[in-house]
Amino acid sequence: MRHTVLLVTQGDGELDSLVRKRIRALRVAQGWSLDDLAARARLSPSTLSRIETGQRRLALDQLVTLARALDTSLDQLVETATDDVISSPMIDAAHQLMRWSVRVDPGMTVVRQRMTDPPPDSPSRMRAHPGHEWLVVLSGTAILLLGNRRFRVETNQAAEFPTMLPHAIGAEGGPCEILGIFDRDARRGHQSGESARDAGRPSQ
């Protein structure tokens, strides 16, 4: 059988080795033996073994088949870009928080915030908006108001909830630091709420 050989234009040896290691790592992560993946990719176990160990040249059609069998894409299998591994936060000193965007999903935002005030005592100051939120308490104790319920979230505990429920969060017994992950809608809702507070209006 003839195979189209994968041509690599930069770092040939390094990329070749990376792709082979990635195939094996993905197979092991799935808990599959050589026989398991070979059957899924319709290759012989000996062919797959030679691909992983570098004893067989990488062929484009085989890599496409292996990517599909490993539930990934050819682009992800041969991806080498590592320039954007490290990112710095946007700092919002007024609200004592830092924000990071998630490159793989620009709709997601990670926020780290230090809180000193208790949660609001008026239901009118609770927010409700489309979206979903996940947060973990890094230090201290947080109080999460969710609908008509009150949750005490301690250090290393996490909370996850749909933001269509009226909600608010604050500190209990001293400063509290949280790390939150917001989807696109939840991020917009919080940014709108911050703008409303800055303008002296209650957030909706």
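The paragraphs below set out a description of the structure included in this document. No experiment lies behind these values; they were computed from the predicted model shown. (Residues numbered from 1 in each chain as written. Predicted model: local features only at pLDDT ≥ 70, side-chain atom pairs only at ≥ 80, totals over all residues. Heavy atoms only, no water.)

Some details on the pairing of strand β3 (residues 109-115)
- Judged from the five bridges that link them, strand β2 (residues 97-101) and β3 form a sheet pairing that is antiparallel. When the sheet's bridge partners are listed, Ser101 is paired in β3 with Thr109.
- Sheet analysis places β3 next to strand β9 (residues 176-182), joined by seven bridges and oriented antiparallel. Bridging across to β9, Arg112 finds its partner in Leu179. (Pairing = 2+ DSSP bridges. Helix = DSSP H or I, 4+ residues; strand = E, 2+ residues; numbered from the N terminus.)

What about the nonpolar core?
- Judged by nonpolar contacts, the single largest core of 17 residues is most densely connected at Val19, Ile23, Leu37 and Leu66.
- Mapped by element, the contributors of at least two residues to this core are α1 (12-29), α2 (34-41), α3 (45-53) and α4 (60-69).
- Sorting elements by how many residues they give to this core places α4 first, with four residues.
- The contact partners of Val19, leaving out residues within four places of it in the chain, are Leu58, Leu63, Leu77 and Val78.
- Counting 12 residues, the second largest nonpolar core, distinct from the first, contains Leu144, Val153, Ala171 and Cys176. (Core = buried A, V, L, I, M, F, W, Y, C linked by side-chain atoms within 4.5 Å. Buried < 20%, exposed > 50% of the residue type's maximum accessible area, 1.4 Å probe, protein only. Contact = heavy atoms within 4.5 Å.)

Quick look at the sheet that holds strand β8 (residues 167-171)
- Sheet architecture is open: three strands sit in the order β6-β5-β8, paired in antiparallel fashion. The open sheet is flanked by β6 (149-154) and β8, the only strands paired with a single partner. Averaged over all neighbouring strand pairs, the angle between strand axes comes to 20°, with direction disregarded.
- As paired elements, strand β5 (residues 141-146) and β6 share six bridges and run antiparallel to each other. Following the sheet pairing, Leu146 is matched in β6 by Arg149. (Axes fitted to C-alpha atoms, helices over the stretch in contact; angles between N-to-C directions.)

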